[in-house]
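Single-letter residue listing:
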Amino acid sequence: MPLQLRKLVTYAESTLIEGGRAAPTPLRLYAAAAVLTNPWAGRGFVEDLKPEIHDIAPQLGALLTEEILRLAGSGEVVEGYGKAGLVGTSGEVEHASALIHTLRFGNHYRKAVGAKSYLAFTNTRGGPNASIAIPLMDKLDEGRRSHYLTIQFAINDAPAPDEIVVALGASIGGRPHHRIGNRYQDLEELGSTQGLDAASGADASHG
C-alpha cells in the first residue's frame with residue numbers, strides 16, 4: 001500500500017525566559033508530523049507488517065527529515081533529537097511502532113544530523129487532539145541531561161481512527177539554566193562499583 005499522506009504539520013517554539021530569568025541562549029524546539037492513513041486499518045489482525053514498513057517508513061523518514069532541516073536551518077545545528085508515533089483508535093500501538101522502529105525510518109534523520117545516540121521515542125494510541133510527546137536527547141551524548149527535553153503539541157483533527165501520526169523532533173540548545181549535572185557525575189559520586197552496576201542496568205541510559 002503506498003503512502004497516503006493527508007497533511008504535514010510543523011511546530012516551532014522558542015523559550016526566552018525560564019524560571020523568571022532570561023535564557024542565555026533561547027531554546028528552540030521544532031517538530032514535523034505526518035498524518036497518514038494507517039495501511040493496516042480495516043484488515044483485521046495482520047501478521048506480517050514488513051511489506052508496508054519497507055514501502056512507507058523510508059518515505060516518511062526522508063520527508064520528515066527534510067522538513068526538520070528546513071525548520072532548523074541545517075542538520076549541524078540540531079543538538080537534541082527524537083521521534084514519536086501516535087495511532088488512531090482503530091489501530092494497534094504496534095502499527096505506530098512499526099513505522100518508527102526501523103532503521104529504514106530513523107537512519108534518514110541520524111545521518112542528516114550526524115547523530116550517534118539512539119532516537120528517544122514514544123508510541124501511543126489516541127484520537128484527534130491527543131497529545132503528541134516527542135522526547136529528546138543529545139544526538140551525540142546520551143548522558144547529557146541538559147538535553148533531556150520533551151516537545152508536546154496536538155493536531156486538532158488527527159489522528160482519525162484509521163490514521164497514524166508520525167513525527168520527528170529537534171532542539172537547538174538545551175534547557176535554560178540547567179543545573180542537575182549529568183550521568184557521569186552520578187557515576188563518579190556513587191563510586192566505581194555502584195557506577196559499573198548502574199552503567200550495566202537496563203535503564204542506565206535514561207537516568
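See the structure printed just above.
These numbers were taken from a predicted model, which means no experiment stands behind them.

**Some thoughts on helix 2 (residues 93-100)**
Of all eight residues that make up helix 2, six are buried, and the element is covered over most of its length. Within the span of helix 2, buried status applies to His95, Ala96, Ser97, Ala98, Leu99 and Ile100. Against strand 2 (21-37), helix 1 (50-72), strand 3 (80-87), helix 3 (103-113), strand 4 (120-125) and strand 7 (163-172) lie the buried residues of helix 2.

**Quick look at the packing of aromatic side chains**
Tallying each qualifying case throughout the model produces two aromatic pairs. Both rings, one in tyrosine 11 and one in phenylalanine 153, keep their centres 5.3 Å apart while their planes meet at 15°; by these two values the pair is stacked. A residue pair is termed long-range when its members are at least 10 positions apart, and tyrosine 11 in strand 1 (residues 5-18) and phenylalanine 153 in strand 6 (residues 149-153) qualify at 142 residues. Judged by relative accessible area, tyrosine 11 falls into the partly exposed class, the value being 23%.

**Remarks on the environment of leucine 69**
Along the chain, leucine 69 falls in helix 1. Residues leucine 69 and alanine 112, 43 residues apart in the sequence, show an inter-C-alpha distance of 8.2 Å.

Rules used throughout
Residues numbered from 1 in each chain as written. Predicted model: local features only at pLDDT ≥ 70, side-chain atom pairs only at ≥ 80, totals over all residues. Heavy atoms only, no water. Buried < 20%, exposed > 50% of the residue type's maximum accessible area, 1.4 Å probe, protein only. Helix = DSSP H or I, 4+ residues; strand = E, 2+ residues; numbered from the N terminus. Contact = heavy atoms within 4.5 Å. Phe/Tyr/Trp six-rings, centres within 6.5 Å; stacked < 30°, edge-to-face > 60°.

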